Amino acid sequence: MSEELDKLQHAAERLDIIRYARAIALLSPLKRHLLRLIPVFLHYHAPKLPGYNGPFTPSGVVDYHIEADTTYACETLEIDLSIADTADIPLIEGVYSMGSTASFGQNPQSDVDVWLVHSDLLSKNQCELLASKAVLLSQWFAKFDFEVNIYLVHPDQFIKGQTEQVDPYNCMGHEHSGSAQHWLLLEEFYRSQFRLAGKPIAWWPNADKSSKLLSLGDASALPASEYFGASLWQLYKGVEKPHKALLKVLLLEAYASEYPHTRLVSERIWQRTLQGDFSSNNDAYYLLYESIESYLLGRGDRRRLEIARRCFYLKCGVKLSQSDKAVDWRYYKMKKLVSNWNWSESLLKTLDNCEDWHCGQLQWFNEQLNELMLGSYRTLLQFASTHRLSESLRISELGLLTRKLHTYFSEDAHQIMRLNSLWSRSILEPYLSVIYSTQDEHYYLYRCSPNPRNFLEHSSVFHSKSKAKLLVWASLNGVADDKTRWFEVRQSKRKSIYLTHAANRLDGLIVNESVKVSKMALYQPWHFRKLVFLLNFNNDPTESWAGQDIMVDYMNSNVFSIGRRHQNMVDSIDVISLNSWGEWHCHHFEGEKSILDALSFVTPGMKRASARVSVEVISCSSKLRSQTERTVKDLLYRAVRLSRQAQSSMTLGYALQVGRLRYGLFFNNRGMHYENLSDAKSFYQQLSQRKLLELPRPTLGDEPFSKLPAVIQDYAAKGAIQYFLRQRKQGLDVFILDEMNELNHYVQEGIDVNALVNQLSHFHTFEDPQLTRENFNLPQFFMLDRVKGVLTAVPFGVSIEAYEVDF
């Protein structure tokens, strides 16, 4: 048995050495030094060393000894180890790199993911200190443009499995992903890891336990229950790195297709290692691609295979068309692959030039990646539905993941999608032109000046029925800034000047960076964080107005009804909004009642906001700019104030003249509703009748009649299904707000809250007839409970500690 173990360990150690050498070969001289220093800073702990955060932080790596290359790295970067003592008892079992490092997937922009497996003797406080040190070390490495992510791993974290309570101190963050992926993460670690310091890993199938080796569990026991949760998690990670996530989602799809006889990449690597194959054919990332290729060829899916090949090539960063690039150990293998794929020289040059792709190329590739990932999601959803796998994924986590995906994969025509820059360094354009097509009534955006020849060479990069949406899309994605000149083709020069003016003012308000969203925000209905009103951008009634601005100020005139002709000086309104889910939207309102429709639209989302909403008003009028901006802003704030003062038992009203008609604006806890008031009598009748669309009031049992609708109505949001649950002696109270804000109530007997939530979630995830489309906006669940005597809706399955954690 000992001889057999020695043979296995020797094979694993040889692969480990080769991977370390390959990782070093692909790094710059400076980054080679930095890689060698990772275990040094975890083994030693002293005030003058990077990462020091106090005397009680655990340190010391088992069986760690400094070698000559590491000593040279310390000397080069002036790291003095003479001041540092080593721990009497090493509290770190091992330090390992995993992921794309040392594989085909390692490129100059790759980060280094490190698993720090600590002793199971560490207390919660010691783990927190070690995690804090890991963050400080990541910040120190970042100064050298070297991204190192260190994740703490408990040695029993995977052995205990999902059914048991895993160690509460683990700090694996995004990589851990809760219950969504567990064994799949371990399998990825096994197929790609190499040792930086500490005990060798017993990662081969059916490995026996040994005091000399570190065993984290048997990854071959991969349960079917993980495929759906892991695919959701990879889709979520794909929001930031879609090219990388796509390959992993396709691998999951390939794995699922072979279930229950799945042949894991880690098992294939081990089989080749035992056969003495240490060539580039036995590379973790290459074998990942090979598994995907075999699966897609078996399905006859050439289209997805072609995109997967491009993602693999771009992820590797081996630029075959650039002869001046240094040749590394992957070059000849990649050249042979590309030859077999029959790629043209022009395609190679386009891919190798990915750092200089313009927004049109990025848009096309983003769309391809999204389409393929959603295709994989549908396949894995079907797999999960067949095997009834929802029980493995915590409902609160499922809701969070899907809601976050909703913000990225939503098909809402009003949402402005953020482009993933992928490899592009900058997609800023000096000139942008807008053309209106009377044929389909869309505005088209071109990345050129309005010279007719340019439109023969360029295709449009974005189009929409809303002209304002083009400006927001360009600002949000870094295509335009305050130096970009805008042109409106077939319009007057003055129109182009106004277009540039509006774009410049928007540029300072639309932030070209990801918005942090807390878990608590995703647990609750969205509300507005920022609103921008763009006035008269499409139609400007002030152009034909013969009056003077100063007289409007002097007479304190109403800009919605000026002069004897009662002219409304606000004809078109574009509402640009950022909500608490991190989504940007652009809604267009046009015509005489545009201000009334815009107010009705924004009032509920502003009322739900706990903090003050940032409001900006930009007028694109040729006249009355300051007057229209000031009036609309004042009206917005008045609407919010009235809607917050209103209650279910009381409706507040406000009269507003728009054009020739007088309207009553009525506010209650649902929002705002307006009515045409022909005379004063009608106005007071409306006030007394509170003619607003209110939720029907079901029987509320022992609750005061008016209280329960109020708390539920505060959460009302169109487009979302919301369940409000309350456990009582006679059964479970269930209140349902559907997508149209209609309220239903029933009492469910013989079932507890957890079981009901699981059943409902399973239905909406796997059995809902609307599954033909991507339904990422799953229901939200709330528990009705009294907090300090007030009936409150608390998100289901959420601890107070998790409320403000960024997701």
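Computed from a predicted model, the values in this text were never measured in an experiment.

## Side note on the overall build of the protein chain
1) Next: Looking only at helices and strands, the protein chain has 25 helices and 20 strands in total.
2) Next: The proportion of buried residues among the 807 residues of the protein chain is 57%.
3) Next: As displayed, the protein chain has an accessible area near 36000 Å², and 49% of this comes from carbon and sulfur atoms.

## Here we look at the packing of aromatic side chains
1) Next: One pass over the structure, following the stated rule, counts 36 aromatic pairs.
2) Next: Measuring from centroid to centroid gives 5.1 Å for tryptophan 203 and tryptophan 270, while their planes differ by 80°, and the two rings are edge-to-face. In this pair, tryptophan 203 sits in the loop between strand S4 (194–198) and helix H7 (226–238) while tryptophan 270 sits in helix H9 (residues 265–274), placing the two residues 67 residues apart along the sequence. For the pair shown, tryptophan 203 and tryptophan 270 are each scored as buried.
3) Next: Ring centres 6.2 Å apart and planes at 40° place the aromatic pair tyrosine 431 and phenylalanine 487 in the tilted group. Pair noted here: tyrosine 431 is in strand S5 (residues 431–437) and phenylalanine 487 is in strand S8 (residues 485–488), with a separation of 56 residues, a long-range link.
4) Next: Taking relative accessible area as the criterion, phenylalanine 487 reaches 13% and is therefore assigned buried.
5) Next: Cluster of aromatic residues (ring-pair linked, three or more members): Phe104, Tyr285, Tyr286, Tyr289, Phe312, Tyr313, Trp329, Trp341 and Trp343.
6) Next: The aromatic ring of tryptophan 329 is capped on one face by arginine 22, whose charged end is 4.6 Å from the ring centroid.
7) Next: Seen from the ring of phenylalanine 537, lysine 467 lies directly overhead, with NZ or CZ sitting 4.7 Å from the centre.

## As for the nonpolar core
1) Next: The biggest cluster of nonpolar side chains holds 132 residues, and the ones touching the most others in it are Phe312, Trp473 and Trp486.
2) Next: In terms of residue count, the dominant contributor to this core is helix H14 (residues 359–387) (twelve residues).
3) Next: Setting aside anything within four residues of it in sequence, one finds tryptophan 473 in contact with Cys359, Gln363, Ile416, Met417, Leu419, Leu445, Val461, Phe462 and Val479.
4) Next: Of all hydrophobic cores here, the second largest spans 43 residues; its members include Leu37, Ile38, Ala131 and Trp140.

## Some remarks on the sheet that holds strand S2 (residues 112–118)
1) Next: With mixed pairing, the four strands of this open sheet are ordered in space as S3-S2-S1-S4. The open sheet has two free edges, formed respectively by strand S3 (148–153) and S4, since each of these has just one partner strand. Direction aside, the axes of adjacent strands within the sheet are offset by 20° on average.
2) Next: By the bridge criterion, six bridges tie S2 to S3 in an arrangement that is parallel. Note on S3: the bridge partner recorded for valine 117 is valine 153.
3) Next: The strands touched by helix H2 (residues 29–43) are strand S1 (92–98), S2, S3 and S4; relative to S4, the strand with the most contacts, the crossing angle is about 35°.
4) Next: Where helix H4 (residues 124–142) meets the sheet, its contacts fall on S2 and S3, and the angle it forms with S3 comes to roughly 170°.

## Comments concerning the side chain of serine 580
1) Next: For serine 580, the position within the fold is in the loop between strand S10 (572–579) and strand S11 (584–590).
2) Next: With near-sequence residues (within four places) excluded, serine 580 lies in contact with Val517, Ala521, Pro525, Trp526, His527 and Arg529.

## Observations concerning the sheet that holds strand S20 (residues 790–795)
1) Next: Read across the sheet, five strands follow the order S18-S17-S16-S19-S20 without closing on themselves; strand pairing throughout is mixed. At either end of the open sheet lies a strand with only one pairing partner, and these are strand S18 (743–748) and S20. Averaged over all adjacent pairs, the angle separating strand axes in this sheet is 25°, with direction ignored.
2) Next: When strand S16 (residues 722–728) meets strand S19 (residues 780–787), the two strands line up parallel, connected through four bridges. Bridged to phenylalanine 724 within S19 is phenylalanine 782.

## Here's the deal with the pattern of salt bridges
1) Next: Overall, the coordinates contain 24 salt bridges when judged by the stated rule.
2) Next: Between arginine 304 and glutamate 253 there is a salt bridge; the shortest N-O distance is 2.8 Å. Within this pair, whereas arginine 304 is found in helix H11 (residues 302–316), its partner glutamate 253 is found in helix H8 (residues 242–258), the two being separated by 51 residues in sequence.
3) Next: The exposure class assigned to arginine 304 is buried, which follows from its relative accessible area of 8%.
4) Next: A cluster of three or more residues bridged by salt bridges with shared partners is formed by Lys319, Glu355, Asp356 and Arg425.

## Details of the pairing of S16
1) Next: Of all seven residues in S16, six are buried; the element is thus mostly enclosed.
2) Next: In this sheet, strand S17 (residues 731–737) lies alongside S16 in antiparallel orientation, the contact comprising seven bridges. Looking at S17, one finds that glutamine 722 is bridged to leucine 737.
3) Next: Counting the residues between successive antiparallel strands, the hairpin from S16 to S17 contains two residues.

## Details of the pairing of strand S14 (residues 661–668)
1) Next: Across the eight residues that make up S14, a large majority, six, are buried.
2) Next: Sheet topology note: the strand S13 (residues 652–658)/S14 ladder contains seven bridges and is antiparallel. Residue pairing in the sheet places glutamine 657 in a bridge with arginine 662 of S14.
3) Next: Where S13 folds back on S14, the antiparallel hairpin that results is connected by two residues, among which glycine 659 adopts a positive phi of roughly 65°.
4) Next: Direction of pairing for S14 relative to strand S15 (residues 671–677): antiparallel, over a ladder of seven bridges.

## Remarks on the environment of alanine 717
1) Next: Secondary-structure assignment places alanine 717 in the loop between helix H24 (707–713) and S16.
2) Next: Along the primary structure alanine 717 and leucine 737 are separated by 20 residues, whereas in three dimensions their C-alpha atoms are 8.7 Å apart.
3) Next: Excluding anything up to four places from it in sequence, alanine 717 contacts Pro525, Arg608, Gln722 and Asn741.

## Section: helix H6 (residues 183–192)
1) Next: Burial of H6 is extensive: ten of the ten residues sit out of reach of the surface.
2) Next: Restricting attention to buried positions, one finds in H6 the residues Trp183, Leu184, Leu185, Leu186, Glu187, Glu188, Phe189, Tyr190, Arg191 and Ser192.

## Side note on the confidence of the model for the protein chain
1) Next: A residue-level look at the protein chain finds 87% of positions with pLDDT of 70 or above and a mean pLDDT of 84.
2) Next: Residue range residues 162–179 is modelled with pLDDT below 50. Its contacts to residues more than four positions away, or to other chains, number 46 contacts.

## Overview of unusual backbone geometry
1) Next: Note the cis peptide between tyrosine 259 and proline 260, where omega equals 5°.
2) Next: Its place among the elements puts proline 260 in the loop between H8 and H9.
3) Next: The backbone phi angle of leucine 624 is positive, close to 55°, even though this residue is not glycine.
4) Next: Tracing the chain through its elements places leucine 624 in the loop between strand S12 (614–619) and helix H22 (625–645).
5) Next: For leucine 624, a relative accessible area of 0% gives the class buried.

## A closer look at the environment of serine 344
1) Next: Here serine 344 shows up in the loop between helix H12 (331–341) and helix H13 (345–352).
2) Next: By relative accessible area, serine 344 is classed as partly exposed at 36%.
3) Next: In this structure the side chain of serine 344 is engaged in a polar contact, spanning 3.1 Å, whose partner is the side chain of serine 346.

## Structural notes on the side chain of arginine 310
1) Next: Within the element layout of this structure, arginine 310 appears in helix H11.
2) Next: Among the residues examined, arginine 310 registers a relative accessible area of 17% and is labelled buried.
3) Next: Contacts of arginine 310, omitting those with residues within four sequence positions, involve Trp343, Leu347, Leu351, Trp364 and Phe365.

## Section: the packing of helix H10 (residues 284–299) against H11
Each pair of packed helices gets described by two things: the angle between the helix axes and the distance between those axes.
1) Next: Between H10 and H11, the least distance of the axes is 9 Å, while the angle of their chain directions is 170°. Classed by the angle they form, the pair H10 and H11 counts as roughly antiparallel. Contacts from Tyr285, Tyr286, Tyr289, Ile292, Glu293, Tyr295, Leu296, Leu297 and Arg299 in H10 reach Arg302, Arg304, Leu305, Ala308, Arg309, Phe312 and Lys315 in H11.
2) Next: Partitioned by chemical class, the residues of the contact of H10 with H11 number ten nonpolar, no polar and six charged.

About the criteria used
- Residues numbered from 1 in each chain as written.
- Predicted model: local features only at pLDDT ≥ 70, side-chain atom pairs only at ≥ 80, totals over all residues.
- Heavy atoms only, no water.
- Helix = DSSP H or I, 4+ residues; strand = E, 2+ residues; numbered from the N terminus.
- Buried < 20%, exposed > 50% of the residue type's maximum accessible area, 1.4 Å probe, protein only.
- Areas by Shrake-Rupley, 256 points an atom, 1.4 Å probe, with all protein chains shown as cover.
- Phe/Tyr/Trp six-rings, centres within 6.5 Å; stacked < 30°, edge-to-face > 60°.
- Lys NZ or Arg CZ within 6 Å of the ring centre and 35° of its normal.
- Core = buried A, V, L, I, M, F, W, Y, C linked by side-chain atoms within 4.5 Å.
- Contact = heavy atoms within 4.5 Å.
- Pairing = 2+ DSSP bridges.
- Axes fitted to C-alpha atoms, helices over the stretch in contact; angles between N-to-C directions.
- Salt bridge = Lys/Arg side-chain N within 4 Å of Asp/Glu carboxyl O.
- pLDDT = per-residue confidence, 0-100.
- Polar contact = N/O pair within 3.5 Å; in protein donor to acceptor, adjacent residues only side chain to side chain.
- Parallel < 35°, antiparallel > 145°, perpendicular 65-115°, else oblique.
- Nonpolar A, V, L, I, M, F, W, Y, C, P; charged D, E, K, R; others polar.

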